[in-house]
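Read off the chains here:
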Amino acid sequence: MKGATYNQLVTFHAIVGEGSIVGAARKLEIASASVSQSLKSLELHLGLPLFTRTTRRIELTEAGRLLFEQTATALSEIDLAIESVADLSELPSGKVRITAPRFVYQLLLQPIYAEFCRRYPNIQLEVSISDKAENIIKEGHDLGIRFGDKIEEGMVARPLTPPVKDALFVSQDYAAEYGIPESPSQLNSHKLIQYRFIASNQLVPLKLNNQGQTVTVDMPIALICNDTDLIVDAALKGLGIGRIIEPVVKEHLNQKTLIPVLKAYWQPYPGLYLYFTQHAQRAKRVRVLIDFLLEKQIIGNAFSH
């Protein structure tokens, strides 16, 4: 963009990320007046305001949103290009941010993240646990872990697990009191422990695999929650039929504290993938985390049958 400097764009992105001029100044370690002046110069060049300001908050205008979206990738690529050259003579260092759902952290990252931190003491690992599908560029993450069908286009993706199935299960007490359905048609006589997506606020439809055909089933609801741990806990307490991917409850199923329901109908889903932008692995701090996760071959632990 002719007339707009790299530093002005960096400052603009810092304001967006921090939500305020003061926060951006703190992040960039410069005076608030310098941040304000940089923003004013950028807006003067564009001839458009980039933010609307009130006494309590600062929000992007339509022009600001468009500028942010169209420059986020370019700025990230420039930063990574500069960093990759500097990395040639240095040990891996700096901050690496990875985002993953809670169950992924528990199954895949929790057993190994401390080893990574000890192996690379100059790297500051930041783990963001979120069950919503985040845009890693806009949210400032270097890496993400999600199901294969949830990754936005243009990302590099590396498989971490084989495909998984959406398990249905009940507790021993529930089975003794209400029985276990033997066909999908009998699910109407039971209640489902339902999950609600955090980002979209939508309930997750219950899908079954009937000889290769996907069938959506409506069931009475026992409980609605947006946390995978709560689904398992509610099932263990006998409130209804739980539903979550099989690896999360594998130990409970093996120990028979939970009983599988309609296993022949469990819906398959793509496996989990590590994903990142095409240029992210140029940075040594990011590349070593990618290599570490693949090296550990975490597939074989939580996701083996």
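Above this text is the structure in question.
Attention here is on the structure that accompanies the text.

What counts and what doesn't
Residues numbered from 1 in each chain as written. Predicted model: local features only at pLDDT ≥ 70, side-chain atom pairs only at ≥ 80, totals over all residues. Heavy atoms only, no water. Pairing = 2+ DSSP bridges. Helix = DSSP H or I, 4+ residues; strand = E, 2+ residues; numbered from the N terminus. Salt bridge = Lys/Arg side-chain N within 4 Å of Asp/Glu carboxyl O. Axes fitted to C-alpha atoms, helices over the stretch in contact; angles between N-to-C directions. Parallel < 35°, antiparallel > 145°, perpendicular 65-115°, else oblique. Left-handed = near helix turned anticlockwise from the far one by under 90°. Contact = heavy atoms within 4.5 Å. Nonpolar A, V, L, I, M, F, W, Y, C, P; charged D, E, K, R; others polar. Polar contact = N/O pair within 3.5 Å; in protein donor to acceptor, adjacent residues only side chain to side chain.

1. Things to note about the pairing of strand 9 (residues 206–210)
Of the strand pairs in this sheet, strand 9 and strand 10 (residues 213–217) are connected by five bridges, and their pairing is antiparallel. Residue N210 lies in a different strand from strand 10, and its bridge partner there is Q213. In this antiparallel pair of consecutive strands, strand 9 and strand 10, the connection spans two residues, and Q211 shows a positive phi of 55 degrees.

2. Digging into the pattern of salt bridges
Per the stated rule, a full pass over the model turns up 11 salt bridges. Of the charged contacts, one joins E115 and R119 as a salt bridge, the two residues approaching to 3.2 Å between their closest N and O atoms. With E115 and R119 both in helix 6 (residues 113–119) and four residues apart, this pair spans about one turn of that helix. Residue D233 pairs with K237 through a salt bridge whose shortest N-O separation is 2.8 Å.

3. Some words on the packing of helix 2 (residues 21–28) against helix 3 (residues 32–46)
As a packed pair, helix 2 and helix 3 sit with axes 8 Å apart at the nearest point and diverge in direction by 110 degrees. In terms of orientation, helix 2 lies roughly perpendicular with respect to helix 3. As helix 2 packs across helix 3, the resulting crossing turns out to be right-handed. Residue-level contacts link I21, V22, A24 and A25 of helix 2 to S32, V35 and S36 of helix 3. A breakdown of the residues in the contact of helix 2 with helix 3 according to their chemical character gives five nonpolar, two polar and no charged.

4. Focus on the side chain of R285
Along the chain, R285 turns up in helix 11 (residues 284–295). At 2.8 Å, the side chain of R285 forms a polar contact with the backbone oxygen of K95.

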